[in-house]
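A structural walkthrough
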Amino acid sequence: MLSPRDSVIGLKHGAGGPAMRSLIRQVFLGGGDGGGNNGAGGNGARAGEGGVPLAHLDDGAALRVGDRWLVVTTDSHVVHPVFFPGGDIGRLAVAGTVNDLAMMGATDVLALTCGVILEEGFPVAELERIQASMEATCAEAGAEIVAGDTKVMGRGEVDGIVLNTTGVAFTDRVVGDRGLTVGDRLLVTGTVGDHGLAVMAVRNDLGLEGDLRSDVAPLNRLIRAAMDAAGDDLVAMKDPTRGGLSSALHEMAEKAGVGIVLEEAAVPLRNEVRAAGELLGIDPLHVANEGKALLAVRPGAADAVLAALRAHPLGAEAAIVGTAVAERAGSVILDTGFGRRLLAEPEGELLPRIC
Ligand code: MG
């Protein structure tokens, strides 16, 4: 339930954490519990037996079509500033949608669509730069934008540019985000916090622009390699975007009814990200990544999946970072090497307009 004081939307409702999930459950799932009652999200019948309906609040939906699964996902992008070290809103929009498809097991992108909302006065040269970036990112992912829409709003009615991208792809095997069982290992495909801290450093004029770069990248080919190495032993995936690794782990733990022990020392972290996090008072574990994935695998497959990830340029710094456990279901237990404590999931919005 939303708390009684939430009669209007706050920034926390877009933060990817508990407040956003409770808003979605109350408004878009018609008060549903994320399980049986799908409310406004329909009755879930369209997904079919074994499919992924809206109520799962996964990275996308999976619908039965013949003997395959059609994965559908959609994202809106409001990042500020539009151009940041390592990327821009166009690359973010394409990579974000390609990655959500990949997180469902759909690594071969059938098509993307793109809706563009512009503010009167937005420079055409910047729009052209964003379009070129989208095209280059599509080429990297083997994707194509097949339909679009352009709207313009008056000055001050929208801030610069908003992009919405939808993606569709077929897969033979759906991988959701709720498949963990006790003993499964968790892998992250590289360093965490890069995107969020790169954007925040520019916004706060930290003068670290040369060092900090967003990791924004399409991961579908990296994920294909992991899926080929793991077979049925790859049991869950999620991209740790808003709310960072912490939110993604909490969501996986909650949905699967397990605890997750995260080994702090094993989490790959760039020194400059650690330094910027300390300057800004922001834990990199809570910060958005746009070119990283969190994978859960059966224990016997962890080493093979790690090797497959590291063999790909986007997975060179992949690491095994955690384990699903029976105690503390729904919680994330941070093992610092000196002791254990519960990792909190921030309720408020640390970083508005990060993606
Ligand atoms: Mg996602």
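Residues numbered from 1 in each chain as written. Predicted model: local features only at pLDDT ≥ 70, side-chain atom pairs only at ≥ 80, totals over all residues. Heavy atoms only, no water.

Description of the overall build of the chain
Along its length, the chain carries eight helices and 14 strands. Here the chain has a C-alpha radius of gyration of 19 Å; the compact-globule value for 355 residues is 20 Å, and the two agree. The buried share of the chain, reckoned over its 355 residues, is 54%. Split by element, the accessible area of the chain, about 15,000 Å² in all, is 52% carbon and sulfur. (Helix = DSSP H or I, 4+ residues; strand = E, 2+ residues; numbered from the N terminus. Rg over C-alpha atoms; globule rule 2.2 N^0.38 Å. Buried < 20%, exposed > 50% of the residue type's maximum accessible area, 1.4 Å probe, protein only. Areas by Shrake-Rupley, 256 points an atom, 1.4 Å probe, with all protein chains shown as cover.)

Comments concerning the pattern of salt bridges
Within the structure shown, the criterion is met by 20 salt bridges. The salt bridge partner of R21 is E254, with a shortest N-O separation of 3.8 Å. Here E254 lies in helix 6 (residues 244–256) and R21 lies in helix 1 (residues 18–28), a separation of 233 residues in the sequence. Judged by relative accessible area, R21 falls into the buried class, the value being 5%. The partner of D184 in a salt bridge is R298, with the nearest N and O atoms 2.7 Å apart. Of this pair, D184 sits in the loop between strand 7 (161–171) and strand 8 (185–188) while R298 is found in the loop between strand 11 (294–297) and helix 8 (302–310), placing the two residues 114 residues apart along the sequence. For D184, a relative accessible area of 1% gives the class buried. Residue R298 is classed as partly exposed on the basis of its relative accessible area, which comes to 29%. The network of salt bridges with shared partners includes R21, D59, D177, K238, E251, E254, K255 and E345. (Salt bridge = Lys/Arg side-chain N within 4 Å of Asp/Glu carboxyl O.)

Looking at the domain arrangement of the chain
Splitting the chain by domain gives domain 1 (1–43), domain 2 (50–171) and domain 3 (185–342). The distance between the C-alpha centroids of domain 2 and domain 3 comes to 22 Å. Across the contact, 26 residues belong to domain 2 and 25 residues belong to domain 3. Taken over both partners, the interface formed by domain 2 and domain 3 buries close to 2,200 Å², and the fraction arising from carbon and sulfur atoms is 58%. By the criterion of area lost to domain 3, the three top residues of domain 2 are P85, M103 and T107, representing 29% of everything that side buries. If you look at where domain 2 meets domain 3, you find one salt bridge. K238 is the salt-bridge partner of D59, the closest N and O atoms lying 3.5 Å from each other. Ranked by residues supplied to the side of domain 2 that touches domain 3, first place goes to helix 2 (residues 89–103) with eight residues. Broken down by class, the residue content of the side of domain 2 that touches domain 3 amounts to twelve nonpolar, nine polar and five charged. (Domains from an automatic or database assignment. Contact = heavy atoms within 4.5 Å. Buried area = accessible area lost by both parts, 1.4 Å probe. Nonpolar A, V, L, I, M, F, W, Y, C, P; charged D, E, K, R; others polar.)

Overview of the nonpolar core
Side chains of a nonpolar character, in soluble globular proteins, are inclined to be buried together. Core analysis: the largest hydrophobic core is formed by 47 residues, its most contacted members being I130, I161 and L163. Each of domain 2 (50–171) and domain 3 (185–342) accounts for three or more of the residues forming this core. Residues in contact with I130, not counting those within four places in the same chain, are V82, F83, D88, I89, G90, F122, I161 and L163. Counting residues in hydrophobic clusters, the runner-up holds 24 residues, among them L180, V267, A319 and V321. (Core = buried A, V, L, I, M, F, W, Y, C linked by side-chain atoms within 4.5 Å.)

Some details on the sheet that holds strand 13 (residues 332–335)
With mixed pairing, the seven strands of this open sheet are ordered in space as 9-11-8-12-10-13-14. Edge positions in the sheet fall to strand 9 (234–238) and strand 14 (340–342), since each has one partner strand and no second. The average undirected angle you get between the axes of adjacent strands in this sheet is 25°. The pairing of strand 13 with strand 14 spans three bridges and is classified as antiparallel. Bridge pairing links D335 to R340 in strand 14. Running at roughly 160° to strand 9, helix 5 (residues 220–230) makes contact with strand 9 and strand 11 of the sheet. (Pairing = 2+ DSSP bridges. Axes fitted to C-alpha atoms, helices over the stretch in contact; angles between N-to-C directions.)

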